[in-house]
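Here's the letter readout for the chains.
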Amino acid sequence: MTVEDAKIIELPKILDARGNLSFAEQNNQIPFEIKRTYWIYDVPGGESRGGHAFRKNDEMIIALSGAFDVVVDDGERQKRFNLNRSYYGLYIPKGLWRTMENFSTNAFALEFGSEHYDKSDYVHDYDQFKKLKSDEEI
Ligand code: TYD
């Protein structure tokens, strides 16, 4: 995987005077089967999250409220995505390093994953990540 495999997916938006609605379905707008969802909130100013890669887990991240940046890195190149609308999802396939930063006040990040939580799926060390990438093991 390279940073070019991470992409913004525009979600349906049903505009309505009573309030707007968006949705995402597995194997449709979300290009994998969802085994897990989790969310990040109450992020203190200046903090960052992530800072790791997954070996198997594919992800979709939505800024349900507020805004933040996701920096995706393939060991050679980086791409920064600013998420600030609830009808855009960022798809990050496995094998990419990601960091979430610049959280606004009240930012709420909803994440979908293709795998159950598994500690051993994480690569936490950037040098190890680079080595796994160059050996094509991730
Ligand atoms: P982590 O994935 O490192 O958070 P982030 O990437 O956003 O910085 O997870 C932080 C802690 O939460 C860690 O102790 C594991 C736990 N956790 C679960 O138990 N289940 C989950 O699905 C996730 C995502 C995290």
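This text follows the structure it describes.
For the structure given in this document, a descriptive report is provided here. (Residues numbered from 1 in each chain as written. Predicted model: local features only at pLDDT ≥ 70, side-chain atom pairs only at ≥ 80, totals over all residues. Heavy atoms only, no water.)

1. Re helix 1 (residues 126–134)
Every buried residue of helix 1 is listed here: Phe129, Leu132 and Lys133. Mapping the buried residues of helix 1 onto a view down its axis gives an arc of 100°, with all of them on the same face. Along helix 1, exposed side chains directed more than 90 degrees from the buried face belong to Asp127, Lys131 and Ser134. Buried residues along helix 1 sit against strand 5 (49–54), strand 7 (68–73), strand 10 (97–101) and strand 12 (122–123). Its side-chain oxygen placed 3.2 Å from the backbone nitrogen of Asp127, Asp125 serves as the N-cap of helix 1. Looking one or two residues beyond helix 1, the residue adopting positive phi is Glu136, at roughly 55°. (Buried < 20%, exposed > 50% of the residue type's maximum accessible area, 1.4 Å probe, protein only. Helix = DSSP H or I, 4+ residues; strand = E, 2+ residues; numbered from the N terminus. Arc of directions from axis to C-beta. Contact = heavy atoms within 4.5 Å. Polar contact = N/O pair within 3.5 Å; in protein donor to acceptor, adjacent residues only side chain to side chain.)

2. Brief notes about the nonpolar core
The biggest cluster of nonpolar side chains holds 18 residues, and the ones touching the most others in it are Phe68, Val70, Val72 and Met100. Those elements that place two or more of their residues in this core are strand 6 (59–65), strand 7, strand 8 (78–83) and strand 9 (88–92). Top contributing element to this core by residue count: strand 7, with three residues. Dropping the residues within four chain positions of it, Val70 is found in contact with Ile61, Lys79, Arg80, Phe81, Leu83, Leu90, Ile92, Arg98, Thr99 and Met100. Membership of the second largest hydrophobic core comes to nine residues, among which are Leu11, Ile30, Met60 and Ile62. (Core = buried A, V, L, I, M, F, W, Y, C linked by side-chain atoms within 4.5 Å.)

3. Things to note about the packing of aromatic side chains
All told, the structure shown has nine aromatic pairs when counted by the stated rule. On the numbers, 5.8 Å between centres and 65° between planes, the contact of Tyr117 with Tyr122 is edge-to-face. You can call Tyr117 exposed: its relative accessible area is 52%. One aromatic cluster is present, formed by Phe54, Tyr117 and Tyr122 through successive ring pairs. Sitting over the face of the ring of Tyr87, Lys13 holds its NZ or CZ atom 3.9 Å from the ring centroid. (Phe/Tyr/Trp six-rings, centres within 6.5 Å; stacked < 30°, edge-to-face > 60°. Lys NZ or Arg CZ within 6 Å of the ring centre and 35° of its normal.)

4. Observations regarding the site of the ligand
The immediate surroundings of the ligand are formed by Arg36, Tyr38, Ile40, Arg49, Gly50, His52, Tyr117 and Tyr122. Contact distances for the ligand include 2.9 Å between an oxygen atom and a backbone N or O atom of Gly50. Within the side chain of His52, a nitrogen or oxygen atom sits 2.6 Å from an oxygen atom of the ligand. Relative to its unbound accessible surface of 530 Å², the ligand loses 60% to contact with the protein. Contributions of two or more residues to the shell around the ligand are made by strand 4 (36–40) and strand 5. In terms of residue class, the shell around the ligand is made up of four nonpolar, two polar and two charged. (Near = heavy atom within 4 Å. Areas by Shrake-Rupley, 256 points an atom, 1.4 Å probe, with all protein chains shown as cover. Nonpolar A, V, L, I, M, F, W, Y, C, P; charged D, E, K, R; others polar.)

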